[in-house]
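One letter stands for each residue in the lines below.
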Amino acid sequence: MNKLLDIKTLGELKKTDYKSRSVKDELRANLITQLKKREGGFEGIVGFEDTVIPDLQTAILSRHNILLLGLRGQAKTRIARLLVNLLDEYIPYIEGSDLFDDPYNPISWYGHNAVTQLGDATPIGWIHRSERYTEKLATPDVTVADLIGDVDPIKAATLKLTYSDERVIHFGLIPRAHRGIFVINELPDLQARIQVSLFNILQERDIQIRGFKLRLPLDIQFVFTANPEDYTNRGSIVTPLKDRIESQILTHYPRTVEISRKITQQEASLTDEQKANIEADSLVKNLVEQIAFEARNSEYIDKKSGVSARLTISAFENLISNAERRMIINNETNTFVRITDFLGVIPAITGKIELVYEGELEGPGKVANILIGKAIKSLLLEFFPDPEKAKKAKGVNPYASIINWFGEGNNLALVDDLSLQDYKKALNEVAGLKDLVKKIHPRLTENQQLLLMEFVLHGLSEFSQLNKGFLDNGFAFSDMFNSLFNLQPDDEDDLDLDDDRY
């Protein structure tokens, strides 16, 4: 390839064994090579190995234009961008051409004229695959001129050309993507009349600009992305256009917590200091992912809108930052993520969920707290016995000492800026809490032990064994029944056990 880059004229290129091929043939050939070598090819795409990626590879082998259809945050745009890796590293073009004309098959006036006038002396340039990718976000204000082109009166005046001359055309994004990949994101947002302008390009490969009927055999791999909700919400893909897009591939959310967690850990943007000084146990990592799974099944959230993978990524970043904030406030050199740090996760949830009517009545902050609570409830059963079954069982209830301690009138407040010593002291005051964790999980570090001790309290409150009240910067635990019976009539309007700072 390095020798090819030294070639500067068409004559020199003809002396090599270089053969031009269409972009779809190029993608197909390089994919075949990749498959034979059993290489991945779509680095960073997790959870699609057995579903989306095989469909995508089939479409490429069939040389199809592609529509990636799925809810938000399902890596549609990322997949499209990774297709660039299947292109040849460099290809030659006629230097000076707006459309990066193939030296062997020029399509523009400039390309034809250069080869006709100069012959083998036609200057050749080389374009890298990273420059052969064009992406356009579909918005209602996109015009035909943006995508296909328009007559340029300034060019006509400067070059002293009549409007019947092909050279007065200023080409849009699609012709300029010739010999490359062109991506339109959120296709349904494109106005119907603009979608119609794509018909001929996809099928007959000619373009029409203000009376010009140019037969430009554009060589483009089209990739479109769309959210199925957009079909009924903001717009739709016109049926003839869908008919011309040969392969429609459905994407989906991660199907397991493990896959979701792998994506979050891969994408989360943490500083070196955060990675070195803040310990995030497997429990809290899974808890972040479980929140998204609970959200996707919540009656408060619009399922058609979806819950983006960006929710868990932002939530994990906030979780680490909340712990870091406490570490800085307390002048500590390191710390670990606690359950109280999930208060910092709420802003990452509220902006990324679409609420239905019932959810709007509750409010986004309260819904976020409900999701965190449900996630805790789901994961508690993986680490500890079911509190409901333990309560009804004939044997000794492992949670009895803890519940009785609160039943004696004791309370516990855990705020998110407690120093390690104060946090440890507060948790150790609860009778039976440390013994329960040590009995079920004997081989833990001190940090893991403290984390599980707090986790038990939150879990018991979710199973209605303890009361959990919300403070401005933390939680207050108390006996379930005393907190209700001791409530004075005058206090009813002042205390909302489910309220929080949001």
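Residues numbered from 1 in each chain as written. Predicted model: local features only at pLDDT ≥ 70, side-chain atom pairs only at ≥ 80, totals over all residues. Heavy atoms only, no water.

## Quick look at the overall build of the protein chain
Stage number 1. In terms of helices and strands, the protein chain carries 25 helices and 16 strands.
Stage number 2. On C-alpha atoms alone, the protein chain measures out to a radius of gyration of 31 Å, which is more than a quarter above the 23 Å that the 2.2 N^0.38 rule sets for 502 residues.
Stage number 3. If one aligns the C-alpha atoms of the protein chain with their principal axes, the spans along those axes are about 100 × 50 × 45 Å.
Stage number 4. With 502 residues in all, the protein chain has 50% of them scored as buried.
Stage number 5. Sequence-distant contacts in the protein chain: of pairs separated by 6 or more residues, those separated by 24 or more amount to 75%.
Stage number 6. When the accessible area of the protein chain is evaluated, it comes to approximately 24300 Å², of which 48% is carbon and sulfur surface.
Stage number 7. Taken together, the 60 basic and 75 acidic charged side chains of the protein chain have centroids lying 8 Å from each other. (Helix = DSSP H or I, 4+ residues; strand = E, 2+ residues; numbered from the N terminus. Rg over C-alpha atoms; globule rule 2.2 N^0.38 Å. Buried < 20%, exposed > 50% of the residue type's maximum accessible area, 1.4 Å probe, protein only. Contact = heavy atoms within 4.5 Å. Areas by Shrake-Rupley, 256 points an atom, 1.4 Å probe, with all protein chains shown as cover. Lys, Arg positive; Asp, Glu negative; His and termini not counted. Charge placed at Lys NZ, Arg CZ, Asp CG, Glu CD.)

## Some remarks on the confidence of the model for the protein chain
Stage number 1. With 92% of its residues at a pLDDT of at least 70, the protein chain reaches an overall mean of 88.
Stage number 2. Low pLDDT, under 50, characterises residues 487-500; the stretch is placed with 14 contacts to residues that sit more than four places away or in other chains. (pLDDT = per-residue confidence, 0-100.)

## Concerning helix 3 (residues 52-61)
Stage number 1. Looking only at helix 3, the buried set comprises V52, I53, L56, Q57, A59 and I60. The buried residues of helix 3 occupy one face: seen down the axis, they fall within an arc of 160 degrees.
Stage number 2. On its buried face, helix 3 sits against helix 2 (23-36), strand 1 (66-69), helix 4 (76-82) and strand 11 (247-250).
Stage number 3. Two residues or fewer past helix 3, R63 is found with a positive phi of approximately 60 degrees. (Arc of directions from axis to C-beta.)

## A look at the packing of helix 22 (residues 420-428) against helix 24 (residues 446-462)
Stage number 1. Look at helix 22 against helix 24: their axes get within 10 Å of each other, and the N-to-C directions meet at 50 degrees. Between helix 22 and helix 24, the crossing angle belongs to the class labelled oblique. Classified by chirality, the crossing of helix 24 by helix 22 is left-handed. Facing helix 22, whose interface residues are L420, Y423, K424, L427 and N428, helix 24 presents E446, L450, L451, M453, E454 and L457.
Stage number 2. Across the contact of helix 22 with helix 24, the residue classes break down as seven nonpolar, one polar and three charged. (Axes fitted to C-alpha atoms, helices over the stretch in contact; angles between N-to-C directions. Parallel < 35°, antiparallel > 145°, perpendicular 65-115°, else oblique. Left-handed = near helix turned anticlockwise from the far one by under 90°. Nonpolar A, V, L, I, M, F, W, Y, C, P; charged D, E, K, R; others polar.)

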